[in-house]
Amino acid sequence: MNNRGNTGSLQFDELKAVYAISRVVAETVDIDKALAEIVRLARPVFIFDNAVLYLLNEKNGTLEPAFARAIGRGRSSEADLSWGELAAHEAFNSGKIHLNEPDPKPEADRLEQGFYLGQPMMVGGKNIGALVFIRFGGPPFTSDQINLAEFIAAHVTQVLEHQRLVERIANLEAERRLAQLQSDFLATVSHELKTPLGFIKGYSTTLLRKDAHWSEEERREFIGIINEEADELGELVNNLLDSSRLQSGSLSMELKEVELPTLLDEIVERQKVRYPEMEIQLASQALKGRFAVQVDPRRLAQVVENLISNAVKYAPNGKVQITVSENEARVSISVKDDGPGIAQEHLDQIFKRFYRVPSKNNSVRGSGLGLYICDQIVSAHGGRLRVRSKKGTGTTFIVELPRQKELQPA
Ligand code: ADP
């Protein structure tokens, strides 16, 4: 079957076509496009009306049409892939070229007089399918033409072989990445779960010791820590659940029309109570415009709260400024801190699942899930989460949402 070395018997035009086909094979990325191109290049030197490629479906052992091109007569019947099925089976089963040529019947419709050339396709000694060329009403295939058809089939085989290799490599790479992701996931999750659990266990054991006496103040401090760590644990479990729902596409959004300044005002008031040490400001112009957005208010609040709590974690005891702005296409909420900033090389990474900027200061805890979840939630609203930061100059996260019409003042 592999006739690629034997180009001596080809005419100049044929050789040119075979060379062009081999270029297509070398550069192929999209298999359908490559096959269409091969058929187009072959056509001037090799007359046929239809070409159908049958491939073995390994799951059920049947030959199935994978690609078909009708070019000449019978073109309107392109959808009829069953043409050539018999020749494909014969070539596939015998592993040899199969010619099926009808006895000439001058009065018969040409479409009923198909001349079939079926060629087996082999990769690594294994039959993978068959390529069938069809001529309606003849002329019969000459031995030179059969030779040329073999070249074409050999190149089609090469495209398929290449495609299989690419798929195999992609699968291996995906498997490797999945395994790496799973082990990173387990390492991160176990570490993150263990930290709050360790504190809860440690302080509760301490409180239960019979041989120690704690003042009321100490007891309250310990219980306070247990309470905080339980919250931490709860938040982590929620993040893990959200993250896996996002991965499986089952995190649903309940979109409603919301007046953004009111929602932000509520969020900011809650965060001020939660983080009294931070100066959290909602810029006043935010309240003047009455921006209406179509959002899931609970999820949008989760995003803004997460950005504020990141500012609390990474830019502690500073100022967080929240502003709303708009242009024709978008309404943007920005959350700006005056903390240490993020170095350029990490900016593309921070929205990835589990990504944390490496730091010498391990006291800031986190799972690297927060910004991933924020980014996915904003995307689910048809928006975009962006970041602007430079090391040493603070960080601004910008939530861009598609714009709705403005609400009319009441
Ligand atoms: P986590 O806070 O759990 O580590 P995130 O996904 O929320 O995960 O953040 C990813 C990383 O981005 C953090 O580890 C941190 O290094 C960096 N980061 C996020 N917000 C800020 C910020 N406001 N200032 C500086 N660095 C930040």
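All residue numbers here refer to positions counted from 1 along the written sequence of the relevant chain. Only residues with pLDDT of at least 70 get local features here, since the model is predicted, and only at 80 or more are side-chain atom pairs given and counted; chain-wide, interface and lining totals rely on the full set of residues. Hydrogens are left out, water is left out, and the side-chain values use all remaining heavy atoms of the structure.

Let's talk about the confidence of the model for the chain
For every residue, the pLDDT score states the predictor's confidence, bounded by 0 at the bottom and 100 at the top. Across the chain, the average pLDDT comes to 84, with 89% of residues at 70 or higher. Between the elements of the chain, mean pLDDT differs from a low of 58, seen in helix H7 (residues 285-288), to a high of 97, seen in strand E11 (residues 384-389). Two residues qualify as a contact provided that any one of their heavy atoms is within 4.5 Å of a heavy atom in the partner residue. Under a pLDDT of 50 for its full length, residues 1-5 has, in the predicted model, 13 contacts with residues more than four places off or in other chains. Low pLDDT, under 50, characterises residues 406-410; the predicted model gives this stretch nine contacts beyond four residues in sequence or across chains. In this text, helices come from DSSP runs of H or I with a minimum length of four residues, and strands from runs of E with a minimum of two, each type numbered from the N-terminal end.

With respect to unusual backbone geometry
With the exception of glycine, the majority of residues adopt a negative phi angle, and the majority of peptide bonds are in the trans configuration. In the Ramachandran plot, Asn317 falls in the positive-phi region, its phi being about 55° despite a non-glycine side chain. When you line up the elements, Asn317 lands in the loop between helix H8 (297-314) and strand E9 (319-326). Accessibility here uses a 1.4 Å probe with only protein chains present; expressed as a share of the type maximum, an area under 20% marks a residue as buried, one over 50% as exposed, and anything in between as partly exposed. Taking the relative accessible area as the measure of exposure, Asn317 reaches 61% and is therefore exposed. We note that Phe354 has phi near 75°; this positive angle belongs to a residue other than glycine. Within the element layout of this structure, Phe354 appears in the loop between helix H9 (344-347) and helix H10 (370-380). Residue Phe354 is classed as buried on the basis of its relative accessible area of 12%.

Here we look at the nonpolar core
Membership of the largest hydrophobic core comes to 49 residues, with the highest contact counts inside it found for Leu260, Ile333, Phe397 and Val399. The leading source of residues in this core is H8, at eight residues. Contact partners of Ile333, with chain neighbours within four places excluded, come to Leu260, Leu264, Leu300, Val304, Ile322, Thr323, Phe397, Ile398, Val399 and Leu401. One finds Val24, Val39, Ala153 and Leu160 within the second-largest nonpolar core, a separate group that totals 35 residues. Side-chain atoms within 4.5 Å are what join buried Ala, Val, Leu, Ile, Met, Phe, Trp, Tyr and Cys residues into a set we call a nonpolar core.

Quick word on the site of the ligand
Throughout this document, a residue counts as near a molecule or strand when at least one of its heavy atoms sits within 4 Å of that molecule or strand. Around the ligand, 18 residues are found, and the nearest of them are Tyr314, Asp337, Arg356, Ser367 and Leu371. Separating an oxygen atom of the ligand from a side-chain N or O atom of Asn310 is a distance of 2.9 Å. The definition of a polar contact used here is a pair of N or O atoms within 3.5 Å, where within protein one atom must be able to donate a hydrogen and the other to accept one, and adjacent residues in sequence count solely through side-chain atom pairs. Contacts to the ligand include Arg356, whose side-chain N or O atom sits 2.4 Å from an oxygen atom. Using a 1.4 Å probe, the Shrake-Rupley method yields the accessible areas, and only the shown protein chains count as cover for residues. With the chains in place, 95% of the 530 Å² that the ligand exposes on its own is no longer accessible. At the level of secondary structure, the elements contributing two or more residues to the shell around the ligand comprise H8, H10 and strand E12 (395-402). When residues of the shell around the ligand are assigned to their parent elements, the largest contribution, three residues, is made by H8.

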